2 protein chains.
Amino acid sequence: MKLTFLGTGNSAQMPVYNCDCIACARARHDLRYGRLPCSALLQTDDGQWLIDSGLMDLSTRFAPGALQGIFQTHYHADHAQGLLHLRWGVNLRIAIYGPPDENGFADLYKHPGILDFSQPFHAFEERRFAGFTMTALPLEHSKLTYGYLIRPDRGDSLAYLTDTQGLSAAVQDFLRTLRPVHCVLDCSYPPLPKPGRNHNDLNQALAIHAAIGAGTTWLTHAGHELDRYLMSHPDALPAGVRQAFDGDCIEL
Amino acid sequence: MKLTFLGTGNSAQMPVYNCDCIACARARHDLRYGRLPCSALLQTDDGQWLIDSGLMDLSTRFAPGALQGIFQTHYHADHAQGLLHLRWGVNLRIAIYGPPDENGFADLYKHPGILDFSQPFHAFEERRFAGFTMTALPLEHSKLTYGYLIRPDRGDSLAYLTDTQGLSAAVQDFLRTLRPVHCVLDCSYPPLPKPGRNHNDLNQALAIHAAIGAGTTWLTHAGHELDRYLMSHPDALPAGVRQAFDGDCIEL
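Okay, so let's go over this structure.

Procedures and definitions
Residues numbered from 1 in each chain as written. Chains lettered and ligands numbered in written order. Predicted model: local features only at pLDDT ≥ 70, side-chain atom pairs only at ≥ 80, totals over all residues. Heavy atoms only, no water. Axes fitted to C-alpha atoms, helices over the stretch in contact; angles between N-to-C directions. Helix = DSSP H or I, 4+ residues; strand = E, 2+ residues; numbered from the N terminus. Parallel < 35°, antiparallel > 145°, perpendicular 65-115°, else oblique. Contact = heavy atoms within 4.5 Å. Nonpolar A, V, L, I, M, F, W, Y, C, P; charged D, E, K, R; others polar. Buried < 20%, exposed > 50% of the residue type's maximum accessible area, 1.4 Å probe, protein only. Lys, Arg positive; Asp, Glu negative; His and termini not counted. Salt bridge = Lys/Arg side-chain N within 4 Å of Asp/Glu carboxyl O. Polar contact = N/O pair within 3.5 Å; in protein donor to acceptor, adjacent residues only side chain to side chain. Arc of directions from axis to C-beta. Pairing = 2+ DSSP bridges. Least-squares fit on C-alpha atoms with pLDDT ≥ 70 in both. Phe/Tyr/Trp six-rings, centres within 6.5 Å; stacked < 30°, edge-to-face > 60°. Buried area = accessible area lost by both parts, 1.4 Å probe.

### Some details on the packing of helix 1 (residues 22-29) of chain A against helix 7 (residues 224-232) of chain A
The relative placement of two packed helices comes down to the angle between their axes together with the axis-to-axis distance.
All names here are of chain A.
Line of reasoning, step 1. One can describe the packing of helix 1 onto helix 7 by two numbers: an axis separation of 8 Å at closest approach and a directional angle of 95°. As far as their axial angle goes, helix 7 and helix 1 are roughly perpendicular. Packed against helix 1, whose contacting residues are I22, A23, C24 and R26, the element helix 7 presents H224, D227, R228 and M231 at the interface.
Line of reasoning, step 2. Across the contact of helix 1 with helix 7, the residue classes break down as four nonpolar, one polar and three charged.

Here you go:
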């Protein structure tokens, strides 16, 4: 089983439109540092699943039938905007598994097209897919949001935790007990004098890493302030913590 | 002054995801027949303006400062989804001129970022821009929608009328009196046994062409059913009426 980071940026992506800061300039001149909307691809021998759908080109990236389903962490624009067009396909159903958010995003529920929103997760539900299980973990965000614990039948476990600012005691205890080998974690901001809103800064992300005890924590959902900070503080990340970039793969 | 069709499709675009009809197959094999979300670019010696913002790649198409503003016909997803990302630019303001729709699209009003929605048109308002005037024309659609009559200081007039099904007597009278040289018109469907909803079929579009008396009527917002119909009925369009394709230009 494999997880590929398709996007590791926040809603502004990288480079930020009209920003000439050092991190945005780097991303503009070296595409390896560009960041698309935060999302990932899960691949097994039996198929592939998206985590979040904020990429704007889903219909050209994925041939019809190539996706077994989409796990939504939540329904903010940068995590769901790619569905606005994908839904208008024909002769196909695509299962969207997310939190039971009454509103969803824009008019997706009103006009779902080929999307099937009928099977949302409930909190801490564990559900079986071909070759792995997914457990939905309620996160701390401005909209109803679930992270996911992914446990392959064979291979390493991975917790995917974005968007969130901190973790509830229940989720932290759950993960500390299970100690996933990998943790993909919202870290949008550099260390802030006081915590930001809705997303972890680096201090909070490192505290979560320490609390859970994952083998490796991969920081995602980066804003340009964080990239700037890490460019000038190359030793800021302790052993076991790394920043994810678009295209990075984790073999589970 | 020049108008370029950046997109001439409906919300499904062309080819439709997973559709193998003859029109979608043609669009898949010959990119000239592809249709992006319905939108256009207005260019004068003094600058350029978008009509609608459903293209998903606005931030790479238009360098910062390259757009003087965006005229929104309305706030359905396929006409506004490109703003979801563009708004997160920095050190820039982009004026969005549209109808006074209380809801707008998704969370754009709540989190406008660099977008300035503060100057909506009111019905039949005429407003001056560098080198041309725009008059807002209320259309007949499922959401508050304005078409625009564009009158260059020097050059031919153009009415841009989408999305709409039919026209009110007031708008039809207004346009019949002014007789624009060009009319860009919603024509989403082939002739239907009974009228569809929210968009013109070909019968309605031809009736509007006859009623207004524009020199040339350009059909836009095409669905694949219409493209299929016109492939098998090549003589269906009378003199003075043509289908627009992405990339077509009208010199005014």
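Still to come is the rest of the account.
### Overview of the side chain of A:D52
All names here are of chain A.
Line of reasoning, step 1. Summarising the element assignment, D52 is placed in the loop between strand 3 (47-51) and helix 2 (58-61).
Line of reasoning, step 2. Although D52 lies buried, it forms no salt bridge, and the closest oppositely charged side chain, K143, sits 12 Å away as judged by the N-O distance.
Line of reasoning, step 3. A polar contact of 3.4 Å, which involves the side chain of D52, links it to the side chain of Q72.
Line of reasoning, step 4. The contacts of D52, once residues within four sequence positions are left out, are C38, S39, I70, F71, Q72, T73, H74 and H79.

### Some thoughts on helix 1 (residues 22-29) of chain B
Residues and elements named next belong to chain B.
Line of reasoning, step 1. Looking only at helix 1, the buried set comprises A23, C24 and A27. Angular distribution of buried residues about the axis of helix 1 spans 95°; they occupy a single face of the element. In helix 1, the exposed residues that point more than 90 degrees away from the buried face are I22 and H29.
Line of reasoning, step 2. Contact partners of the buried residues in helix 1: helix 7 (224-232).

### Structural notes on helix 7 of chain A
Residue and element names in this part refer to chain A.
Line of reasoning, step 1. All buried positions along helix 7 are accounted for by H224, L226, D227 and L230. Looking straight down helix 7, one finds its buried side chains confined to an arc of 155°; they lie on one side.
Line of reasoning, step 2. Next to the buried residues of helix 7 lie helix 1, helix 6 (202-212) and strand 13 (241-243).

### Re the sheet that holds strand 12 (residues 216-220) of chain A
Pairing between sheet strands relies on hydrogen bonds along the backbone, with the strands arranged either parallel or antiparallel.
Residue and element names in this part refer to chain A.
Line of reasoning, step 1. The seven strands are arranged 7-8-9-10-11-12-13 in an open sheet whose pairing can be described as mixed. Two strands lie at the open edges of the sheet, namely strand 7 (126-129) and strand 13, each paired on one side alone. Neighbour to neighbour, the strand axes of the sheet diverge by 20° on average, direction disregarded.
Line of reasoning, step 2. Pairing geometry for strand 11 (residues 182-186) and strand 12, over five bridges, is parallel. Paired with H182 across the strands is T216, a residue of strand 12.
Line of reasoning, step 3. Of the strands in this sheet, strand 10 (158-161), strand 11, strand 12 and strand 13 touch helix 6, which is tilted by about 155° from strand 11.

### Topic: the relation of the copies chain B and chain A
Line of reasoning, step 1. Overlaying chain B with chain A gives an RMSD of 0.0 Å, the required rotation being 180° about an axis along which the chain moves by 0.0 Å. When the rotation and shift are considered jointly, the pair of chain copies conforms to a two-fold rotation axis. Taking C-alpha positions as reference, the residue of chain B nearest the rotation axis is B:A106, located at 2.3 Å.
Line of reasoning, step 2. Interface overlap between copies is the fraction of interface residues in one copy that are interface residues in the other; for chain B against chain A it reaches 100%, indicating a shared surface.

### Here's the deal with the packing of aromatic side chains
Residues and elements named next belong to chain B.
Line of reasoning, step 1. Evaluation of the coordinates by the stated rule reveals 35 aromatic pairs over all chains.
Line of reasoning, step 2. Between the aromatic rings of F71 and F129, the centroid separation amounts to 5.0 Å while the plane-to-plane angle is 90°, which identifies the pairing as edge-to-face. Remark: F129 occurs in strand 7 (residues 126-129) and F71 occurs in strand 4 (residues 69-71); sequence separation between them is 58 residues. The pair F71 / F129 is uniform in exposure class, with both members buried.

### A short note on the interface of chain B and chain A
Line of reasoning, step 1. Tallying the contact residues gives 27 residues for chain B and 27 residues for chain A.
Line of reasoning, step 2. Both faces considered, chain B and chain A share a buried interface measuring about 2400 Å² in area, 65% of it formed by carbon and sulfur atoms.
Line of reasoning, step 3. Of all residues in chain B, the largest losses of buried area upon contact with chain A belong to B:Y17, B:N18 and B:M56, amounting jointly to 32% of the total for that side.
Line of reasoning, step 4. Along the contact surface separating chain B from chain A lie zero salt bridges.
Line of reasoning, step 5. Considering each element in turn, the side of chain B that touches chain A owes the most residues, three residues, to helix 4 (residues 83-86) of chain B.
Line of reasoning, step 6. Partitioning the side of chain B that touches chain A into residue classes produces 18 nonpolar, eight polar and one charged.

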